[in-house]
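# Examining the three-dimensional arrangement
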Amino acid sequence: MRRIRFFVFFLLALTFPVVTQAAIYYLPGAAETAGANNSYFSSTVFITNPGLMPTDVAISFIPNQASPDPGLEILRSVPAGHTIRINRALDTLFALTSDTGTIKLDSPRPIIAWMATANVADPAGTYGLAIEAVHEDDVLVGGSRLYHSIWASHSTDFSRAYRTNVGGVLLDPGSSVEIRVYDSAGVERGVGTVTSPRPASFQVSLISLLNFVDLPVGRVQIDVKQGRAVTYVSVVDNRTSDGIAIAPEFLSLESGDFTLNGVARTPGVNNTSWTTDVRLGNFNPFAIQVNISTLGFATAGNLISRTLQPGHTIEFTDIIGPTGFNIAAGTGALRFSATSPFLVSGRTSNADPTGARPGTFSAYQRPVRYPGGFQMPGSVRTLSGLEQNATVRTNVGFLAGPDGADVNLTLLNDQGDTVKTMTLELEDNEWLQLPIHTLFELFSVDFLARINIRVTSGSVDSYASKIDSGTGDPIVINPATVN
């Protein structure tokens, strides 16, 4: 049983240790451009300064090779504790109305940044994807490691199924990235190389690498041959043009033990219907068994196992339903474990169960190590850019670790003022998801909000899901570490 204790404080200053290290961040996949089927894609950037001192963020743009460099650096001041939102970022900052590329942020103090790129052409609602800023310490470096996305799907018929693009930015002159595509059995189906004499953004469609062959289930391997790069894989539903963005992962040598938080098979508000698809990838030269169990579901003790052959990628469509646990309805988290390394990815989608409206609106879910990747006592994490109004709603989810969790939550506005605080107590492996206003027992949250999360005992994993009320399209916001 959970216990929630509320304490109300208004307009209290947020205090964190002062950190002064300069840092550079990259947001690939920025757009301000018309698309297919009368769509128009626009990027919104959220920047949070969690510290005690103001910071000036120098914002510049790295275009595609075919586009001229605007050569502009825009300075935006972000006061201590504030969150700023830059709508139509490429147009607002650089007067670009038909371009795509990468936004670069250079700050003398640590910041938190992410970006939503969405189709905004239909006044009834938007759809799109979220991309987290990549810190300069986390960019891919030539000759170091191979990175993988086990979520690639491509159809030669753009009226059905999915299409996949590999995008990103080459950060140094002469940088080079090799892209290899494999099918579900681990057979190489295509290879290509992207290089540039100057820093440049890029996007490659898998259709050019697959020789116009379908790839229902596959994976992408990224190898930076020279220089530095930031990459992502975008999988787009051909029927709705809604996509998910996946950051390729390095395969650890550790045995696999992961969670996917916020999986579902359930109806939702505004005629939404949610299901979760899962993919598993085995890169070992031998078969492995992956055990999958539910956490936080109403029915306990759910367990299934699957054997993965060497090099194979498998997909569970609607894993909570008939292809997996065969549960009629439920929400919570999944745990995946094996004695060898493997990769796991998740996608939760809203789709019309009657089929009258074809296609899906989806959000990507990244795996988190259980419980090593959970938030422990001694750190603060924050969920930023949260909204609750007539056009968008936000749910906030938590999964406690094996020893439960005591968590202090602070709701702040975009000025960094504390609106309300509360304490959340969760038992071992307990899962909780609530609308942001319900979580804090407020009538509404009609401001650009963020939530600071501090664990006092145990461990917890958290996320926020922002859902467009018109389309039912979700994006998942993962917590960023403040200190």
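Residues numbered from 1 in each chain as written. Predicted model: local features only at pLDDT ≥ 70, side-chain atom pairs only at ≥ 80, totals over all residues. Heavy atoms only, no water.

### Focus: the overall build of the protein chain
Broken down by element type, the protein chain carries 2 helices and 36 strands. Relative to a compact globule of 483 residues, whose C-alpha radius of gyration would be 23 Å, the protein chain shows 21 Å and is just as compact. In terms of principal-axis extent, the alpha carbons of the protein chain reach across some 60 × 55 × 45 Å. By residue count, 57% of the 483 residues in the protein chain fall in the buried class. (Helix = DSSP H or I, 4+ residues; strand = E, 2+ residues; numbered from the N terminus. Rg over C-alpha atoms; globule rule 2.2 N^0.38 Å. Buried < 20%, exposed > 50% of the residue type's maximum accessible area, 1.4 Å probe, protein only.)

### Here we look at the pattern of salt bridges
Inspection of the entire model under this criterion finds 18 salt bridges. With its nearest N and O atoms 3.3 Å apart, the salt bridge here joins Asp91 to Arg88. Asp91 sits in the partly exposed class, given a relative accessible area of 25%. The exposure class assigned to Arg88 is partly exposed, which follows from its relative accessible area of 35%. (Salt bridge = Lys/Arg side-chain N within 4 Å of Asp/Glu carboxyl O.)

### So, the packing of aromatic side chains
Under the counting rule described, the total for this entry stands at 7 aromatic pairs. Seen from their ring centres, Phe41 and Tyr127 are 6.4 Å apart, and the 75° between their planes marks the pair as edge-to-face. A residue pair is termed long-range when its members are at least 10 positions apart, and Phe41 in strand S3 (residues 40-48) and Tyr127 in strand S9 (residues 127-132) qualify at 86 residues. The class for Phe41 is buried, based on a relative accessible area of 18%. Each residue in the set Phe41, Tyr127 and Phe361 is aromatic and connected to the rest through ring pairs, giving one cluster. Across from the ring centre of Phe250, 3.8 Å away, lies the NZ or CZ of Arg145, which sits over that ring. The ring of Trp151 has Arg279 lying over it, and the distance from NZ or CZ to the ring centre is 4.7 Å. (Phe/Tyr/Trp six-rings, centres within 6.5 Å; stacked < 30°, edge-to-face > 60°. Lys NZ or Arg CZ within 6 Å of the ring centre and 35° of its normal.)

### Things to note about the environment of Ile314
Assignment of secondary structure puts Ile314 in strand S25 (residues 313-316). Owing to a relative accessible area of 24%, Ile314 belongs among the partly exposed residues under this scheme.

### A word on unusual backbone geometry
Trans is the prevailing form of peptide bonds, just as negative phi is the prevailing case for residues other than glycine. Look at the link from Tyr370 to Pro371: it is a cis peptide, with omega at -15°. In this structure, Pro371 sits in the loop between strand S29 (368-369) and strand S30 (380-386). With a phi angle near 60°, Asn270 is a residue other than glycine that sits in the positive phi range. With respect to the secondary-structure elements, Asn270 resides in the loop between strand S21 (257-267) and strand S22 (273-281).

### Describing the confidence of the model for the protein chain
Here the protein chain averages 93 in pLDDT, and 96% of its residues register 70 or above. Long-range and interchain partners of residues 1-20, a stretch whose pLDDT sits below 50, account for 60 contacts in this model, where long-range means more than four residues apart. (pLDDT = per-residue confidence, 0-100. Contact = heavy atoms within 4.5 Å.)

### Here's the deal with the environment of Arg335
Turning to its location among the elements, Arg335 is positioned in strand S26 (residues 330-337). Judged by relative accessible area, Arg335 falls into the partly exposed class, the value being 27%. Put simply, Arg335 and Leu295 are 40 residues apart on the chain and 6.9 Å apart in space, counted from C-alpha to C-alpha. Among the polar contacts made by the side chain of Arg335, one reaches the side chain of Asp257 at a distance of 2.8 Å. (Polar contact = N/O pair within 3.5 Å; in protein donor to acceptor, adjacent residues only side chain to side chain.)

### Topic: the side chain of Thr360
Inspection of the secondary structure assignment puts Thr360 in strand S28 (residues 360-365). Looking at Thr360, the relative accessible area reads 12%, which means it is buried. Within polar-contact distance, the side chain of Thr360 engages the side chain of Asp237 at 2.7 Å. Beyond its immediate stretch of four places on either side in the chain, Thr360 contacts Tyr162, Asp237, Thr240, Asp242, Ser349, Asn350 and Ala351.

### What about the sheet that holds strand S15 (residues 188-195)?
Read across the open sheet, the 5 strands follow the order S15-S14-S17-S12-S20; overall the sheet is antiparallel. Looking at which strands have only one partner, the edges of the open sheet turn out to be S15 and strand S20 (249-250). Two strands pair when backbone bridges link them, and strand S14 (residues 176-183) and strand S17 (residues 215-226) are joined in this way by 8 bridges, in the antiparallel orientation. Note that in S17 the partner of Asp183 across the bridge is Gly218. (Pairing = 2+ DSSP bridges.)

### Notes on the side chain of Gln388
On the secondary structure map, Gln388 appears in the loop between S30 and strand S31 (392-412). Looking at Gln388, the relative accessible area reads 15%, which means it is buried. Within the structure, Gln388 has its side chain in polar contact with the backbone nitrogen of Thr394 (distance 2.7 Å). Within the local environment of Gln388, its side chain forms a polar contact with the side chain of His437, the two groups lying 3.1 Å apart. Residue contacts for Gln388: discarding those within four places in its chain leaves Arg393, Thr394, Pro435, Ile436, His437, Val445 and Asp446.

### Some remarks on the nonpolar core
With 31 residues, the main nonpolar core has Phe398, Leu409, Ile436, Leu439 and Ile451 as its most contacted residues. Looking at this core, the elements that each hand over two or more residues are strand S8 (112-119), S30, S31, strand S32 (418-426), strand S33 (431-435), helix H2 (436-439), strand S34 (449-468) and strand S35 (474-477). Residue contributions to this core peak at 7 residues, all from S31. Residues Leu140, Trp151, Ile222 and Tyr364 belong to the second largest nonpolar core, which totals 26 residues. (Core = buried A, V, L, I, M, F, W, Y, C linked by side-chain atoms within 4.5 Å.)

### Some details on the pairing of strand S27 (residues 343-351)
By the criterion of burial, S27 is predominantly enclosed, with 8 of the 9 residues buried. When S22 meets S27, the two strands line up antiparallel, connected through 8 bridges. Across the sheet, the residue bridging to Thr275 is Ser349, located in S27. Of the pairings in the sheet, the one linking S27 to S28 comprises 6 bridges and is antiparallel in character. By the bridge assignment for S28, Asn350 is matched with Phe361.

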